[in-house]
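The lines below spell out each chain.
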Amino acid sequence: MTVHFIGAGPGAADLITLRGARLLARCEVCLYAGSLVPTDLLAECPPGARLVDTARMDLDAITAEMVRAHGEGRDVARLHSGDPSVFSAVAEQMRRLDAAGVPYEMVPGVPAFAAAAAALGRELTVPTVGQTVILTRVAQQATPMPEGEDLATLGASGALLVLHLAARYADRVAAELLPHYGADCPAAVVAMASRDDELVLRGTLSDIADQVRAAGITKTAVILVGRVLGATSFRDSHLYSAQRAR
């Protein structure tokens, strides 16, 4: 028996990986966050599978479900939105499964920032403009950020910042990044990326927070800030250069 931590993708049901879909189709127990994971995916579960919505469960209760399935010899599909390697709270679940002697594996999924880039029609690494992407969040009503990972410190790099779980605090994000990026720096917010109700906002640090407030976006969104979002004049990549040694 194995617990499969499966990245369900950013929202659209057909963005789950082929491996993830195949595992889902044979697992007799499926734990999913009903508030985030597309319910269309549950149709892929085998007939008679035990479906458990974890949206209102605490960590101990979730772990108990997986341990119970282990005792019954049933494989578990643990669906997480996006990719389980980023902001998924998988680490503490794996720690508890280790203590309980329950085996598990991670199955990658399409992360929210990749879906946001697709919605914007942008590559996030552009030659001579920006080659670094920083995935982060802000500390507000959540676990404090480690020392040195505050927005001022990260913003000093000038790299493209992608902020998860921060739409509610767009005013604060803009204010803290303005000294480092400037008011004219391109910024964007993508809410419900890849879903039917996807919403894309484009602007600059000077106006993006106002747009977020006017649109009423408070969750399920990523904020992107960086010069690559507006880059048009840049040299071609060396990857396909005629001068590149073959």
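What counts as what
- Residues numbered from 1 in each chain as written.
- Predicted model: local features only at pLDDT ≥ 70, side-chain atom pairs only at ≥ 80, totals over all residues.
- Heavy atoms only, no water.
- UniProt positions renumbered as here; feature names shortened; annotations may be inferred.
- Helix = DSSP H or I, 4+ residues; strand = E, 2+ residues; numbered from the N terminus.
- Phe/Tyr/Trp six-rings, centres within 6.5 Å; stacked < 30°, edge-to-face > 60°.
- Buried < 20%, exposed > 50% of the residue type's maximum accessible area, 1.4 Å probe, protein only.
- Pairing = 2+ DSSP bridges.
- Axes fitted to C-alpha atoms, helices over the stretch in contact; angles between N-to-C directions.
- Contact = heavy atoms within 4.5 Å.
- Salt bridge = Lys/Arg side-chain N within 4 Å of Asp/Glu carboxyl O.

The chain has the name Precorrin-4 C(11)-methyltransferase in an unreviewed UniProt entry, where Streptomyces montanisoli is given as its organism. A UniProt comment under Sequence similarities (unreviewed entry) is attached to the chain, and it reads "Belongs to the precorrin methyltransferase family." Quoted verbatim from the Pathway (unreviewed entry) field of the UniProt record, the comment on the chain reads "Cofactor biosynthesis; adenosylcobalamin biosynthesis."

A.B. asks: Quick one: what's the story with unusual backbone geometry, residue by residue and with numbers?
C.D. replies: At Ala 89, a residue that is not glycine, the phi angle is positive and equals roughly 60 degrees. Relative to the helices and strands, Ala 89 is located in the loop between β4 (76–80) and α3 (90–100). Even without being a glycine, Ser 194 presents a positive backbone phi close to 75 degrees.

A.B. asks: Could you give an account of the packing of aromatic side chains, naming the residues involved and the relevant values?
C.D. replies: Throughout the structure, instances matching the rule amount to one aromatic pair. Ring plane angle 75 degrees and centroid distance 6.1 Å describe the contact between Phe 5 and Tyr 104, whose orientation is recorded as edge-to-face. One end of the pair, Phe 5, is in strand β1 (residues 3–7); the other, Tyr 104, is in strand β5 (residues 104–107), and 99 residues separate them in sequence. Judged by its relative accessible area of 0%, Phe 5 falls in the buried class. Residue class for Tyr 104 comes out partly exposed when judged on its relative accessible area of 27%.

A.B. asks: Please provide a residue-by-residue account of the sheet that holds β4, values included.
C.D. replies: On the basis of which strands lie adjacent, the open sheet formed by five strands has the order β3-β2-β4-β1-β5 and parallel pairing. In this open sheet, the two edge strands, each paired with only one partner strand, are β3 (50–53) and β5. Between one strand axis and the next, the sheet turns through 20 degrees on average, direction left out of account. Here four bridges tie strand β2 (residues 29–32) to β4, and the two strands are oriented parallel to one another. Of the residues in β4, the one forming a bridge with Tyr 32 is Leu 79. Against the sheet, helix α2 (residues 59–72) makes contact with β1, β2, β3 and β4, and its axis sits at roughly 165 degrees relative to β3, the strand it touches most.

A.B. asks: Describe the pattern of salt bridges, and please don't skip the residues or the numbers.
C.D. replies: Should their charged atoms come close, side chains of opposite charge can pair. Summed over the entire model, instances satisfying the criterion amount to 12 salt bridges. Ionic pairing is found between Glu 72 and Arg 74, a salt bridge with its closest N-O pair at 3.1 Å. Accessibility expressed as a relative area gives 39% for Glu 72, which makes it partly exposed. Ionic pairing is found between Arg 213 and Asp 210, a salt bridge with its closest N-O pair at 2.9 Å. Of this pair, Arg 213 and Asp 210 both sit in helix α7 (residues 208–215), three residues apart, which is roughly one turn of the helix. Where salt bridges share partners, they join Glu 28, Arg 50, Glu 65, Arg 68, Glu 72 and Arg 74 into one cluster.

A.B. asks: So what's going on with the sheet that holds strand β9 (residues 199–204)? Which residues, and what values?
C.D. replies: Pairing is mixed in the open sheet, where five strands are placed in the order β6-β7-β10-β8-β9. Of all the strands in the sheet, the pair left with one neighbour each is β6 (133–136) and β9. Averaged over all neighbouring strand pairs, the angle between strand axes comes to 15 degrees, with direction disregarded. Direction of pairing for strand β7 (residues 160–164) relative to strand β10 (residues 221–225): antiparallel, over a ladder of four bridges. When the bridges of β10 are listed, Val 162 appears paired with Leu 224. Strand contacts of α7: β8 (186–191) and β9, with the helix running at about 150 degrees to β9, the strand carrying the most contacts.

A.B. asks: So, the environment of Ala 156: which residues are in play, and what are the values?
C.D. replies: Along the polypeptide, Ala 156 turns up in the loop between α5 (151–155) and β7. A C-alpha to C-alpha distance of 8.9 Å links Ala 156 and Pro 179, two positions 23 residues apart in sequence.

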